[in-house]
Amino acid sequence: MEFELTEEQKLIQDTARSFAEKELKPKAAEIDEKEEFPAEQVKALFDLGMMGMLVPEEYGGAGAGPVAYALALTEIARGCASTAVTMAVQNMVAEAVYRFGNEEQRRKYLPPLVSGDLGPGAFALTEPGAGSDARGIRTTAVKNGNRYVLNGTKVFITNAGYSKLVVVMAVTKKDPKEISSFIVEPSFPGFRVGKKEEKMGIRGSNTVELVFEDMEVPAENLLSKEGDGFKIAMTALDGGRIGIGCQAVGIATAALEAAVQYAKERQQFGQPIANFQAIQWMLADSAVEIEAARLLTLRAAYLKEKGVRFTKEASMAKLFASEMAYRVCHRAVQIHGGYGYVSEYPVERHLRDVKVTTIYEGTSEIQRLVIARNLLRE
Ligand code: CAA
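For the structure given in this document, a descriptive report is provided here. Quantities reported herein were computed from a predicted structural model and do not represent experimental measurements.

The rules behind the values
Residues numbered from 1 in each chain as written. Predicted model: local features only at pLDDT ≥ 70, side-chain atom pairs only at ≥ 80, totals over all residues. Heavy atoms only, no water. Patch = residues over 30% accessible without salt bridge, like charges linked within 9 Å, V, L, I, M, F, W, Y side chains within 5 Å. Areas by Shrake-Rupley, 256 points an atom, 1.4 Å probe, with all protein chains shown as cover. Salt bridge = Lys/Arg side-chain N within 4 Å of Asp/Glu carboxyl O. Helix = DSSP H or I, 4+ residues; strand = E, 2+ residues; numbered from the N terminus. Near = heavy atom within 4 Å. Polar contact = N/O pair within 3.5 Å; in protein donor to acceptor, adjacent residues only side chain to side chain. Nonpolar A, V, L, I, M, F, W, Y, C, P; charged D, E, K, R; others polar. 1 Å grid on protein atoms, 1.4 Å probe; cavity = no way out; pocket = protein on both sides within 12 Å on 5 of 7 lines; lining within 4 Å. Points joined across faces, edges and corners; volume = space filled by probe spheres on them. Domains from an automatic or database assignment.

On to a nonpolar patch on the surface, then. Judged by side-chain polarity, Met-1, Phe-3 and Leu-295 come together as a nonpolar surface patch covering roughly 430 Å² of accessible area. With respect to the helices, strands and loops of the structure, Met-1 is situated in the segment before helix H1 (7-24).

Right, here's the structure in full:
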């Protein structure tokens, strides 16, 4: 058993950490307050090669592997949660196009997607009536000659207002139901970006509705084959869930750092509140839980890197990391007292940002369902 990172993994982690410290952390509060998409920071991540970390070099990616990607994403989330989810979804989409795209699709779409010309990519699965029940989607794709005609509405789609490549899931056959995945460009006739959501947290990330009205998609943009769409989505989400676990660990780390600093500075009863056991226990519990979650995310990433099935481990990492991160951010606010409730300090933002990690890419309840189903099958 080996806990040591490779030299390359350490280098990637250090690069992400120093970028997050210098370029993300100082701007995160403003990005949140103005609900501003972090375009400059996202461009810098493309230039750093962090937007195609799971795509081989021959298609323009970094080919860094799931462990290095997990390390980098955790550091980015420690600096800015909004930027981290933008990066997470982009890497998930790029990997899906690599994994399920044919050679022509890979050559056409991957280099511009990972360089930033088409990215950040978006992943359009969720619909108004289909969240946890992802197979309940109603968007239809009807083949007509050398095109598919898509009709439907997608909601809560990360990055889609800024994306030039969206992987869209749609129903190609109703009975028995078959779902297929398509590579969609916003320039296709019938594509429209709808309402932009105003969110509790990760307010800098872009979350929009997408409307397809007789949208024409060339038949060659079908990913894999008809009927493979649900498995494509689930496989992408397996990897995506490790990413959300990393995002949670990063946010929790930032919250704990803020809490430690505040506890040492804040004087009450004639001494720093860090001297009080009530505060020390909160800090200690948070540090232990963060470490446990970090190891779960890295273990899931390691299994993915080895090429073995990691569905259960990804769900375990996401479930534990997101729920522990919520507890850690909650404690960080508590340690700050009244100052934790106002925007002068970062912890109220961390608490708002972290909540969604228990919801998107599958709620905690869905992760428990996935874990239990796998346990019972084993
Ligand atoms: N990998 C590969 N295949 C999988 C799979 C996986 N992880 N999970 C399921 N499948 C396959 C099954 O093997 C099965 O195939 P067969 O029909 O050939 O046997 C098929 O898919 C159907 O599987 P289930 O019977 O398990 O499907 P279900 O309808 O019971 O749903 C679910 C399973 C786990 C509840 C799924 O619907 C789910 O994950 N729901 C949550 C959706 C979700 O995470 N949404 C996130 C939206 S994206 C997002 O948030 C991104 C963002 O912007 C940040």
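From this point, the discussion proceeds with the structure in view.
Further remarks concern the pattern of salt bridges. Applying the stated rule across the entire model yields 28 salt bridges. Where Glu-75 meets Arg-78, a salt bridge forms, and the shortest distance between an N and an O atom there is 3.1 Å. With Glu-75 and Arg-78 both in helix H4 (residues 66-79) and 3 residues apart, the pair spans about one turn of that helix. Residue Arg-192 is joined to Glu-213 by a salt bridge in which the shortest nitrogen-to-oxygen separation is 3.6 Å. Here the residue Arg-192 occupies a position in strand E6 (residues 191-196), and Glu-213 occupies one in strand E7 (residues 207-218), the gap between them amounting to 21 residues. Each member of the salt-bridge network shares a partner with another, and the members are Asp-32, Glu-35, Arg-203, Glu-348 and Arg-352.

It is worth spelling out the site of the ligand at this point. Neighbouring the ligand are 23 residues; Ser-132, Arg-135, Thr-158, Arg-241 and Arg-373 lie closest to it. Here an oxygen atom of the ligand sits 2.8 Å away from a polar atom, N or O, in the side chain of Arg-241. Contacts to the ligand include Glu-361, whose backbone N or O atom sits 2.9 Å from an oxygen atom. Taken by itself the ligand offers 1100 Å² of open surface, and the protein chains cover 73% of this. Of all the elements, helix H7 (residues 229-265) adds the most residues to the shell around the ligand, at 7 residues. Its residues placed into classes, the shell around the ligand shows 9 nonpolar, 7 polar and 7 charged.

Here the residue pair Gly-119 and Pro-120 is connected by a cis peptide bond, since its omega of 5° sits within 30 degrees of zero. Note that Pro-120 resides in the loop between helix H6 (103-115) and strand E1 (122-124). For the peptide bond that leads from Asp-175 to Pro-176, omega is -5°, which places it in the cis range. Of note, Pro-176 is situated in the loop between strand E4 (166-174) and strand E5 (177-184). Backbone geometry at Phe-269 places phi at a positive 50°, although glycine is not the residue there. Mapped onto the elements of the fold, Phe-269 is located in the loop between strand E9 (267-268) and strand E10 (271-272). The phi dihedral of Glu-361 is positive, around 55°, even though this residue is not glycine. Mapped onto the elements, Glu-361 comes out in the loop between helix H10 (347-355) and helix H11 (364-377).

The next point concerns the layout of surface pockets. Estimated volume of the second largest pocket: approximately 670 Å³. Forming the walls of the second largest pocket are 23 residues, and the residues nearest its centre are Glu-2, Phe-3, Leu-298, Arg-299 and Tyr-302. Contributing elements (two or more residues each) for the lining of the second largest pocket: H1, H4 and helix H8 (277-306). With 9 residues, H8 is the largest single contributor of residues to the lining of the second largest pocket. Among the residues forming the lining of the second largest pocket, the class breakdown is 9 nonpolar, 4 polar and 10 charged. When residues of the lining of the second largest pocket are assigned to domains, at least three map to each of domain 1 (7-115) and domain 3 (230-377).

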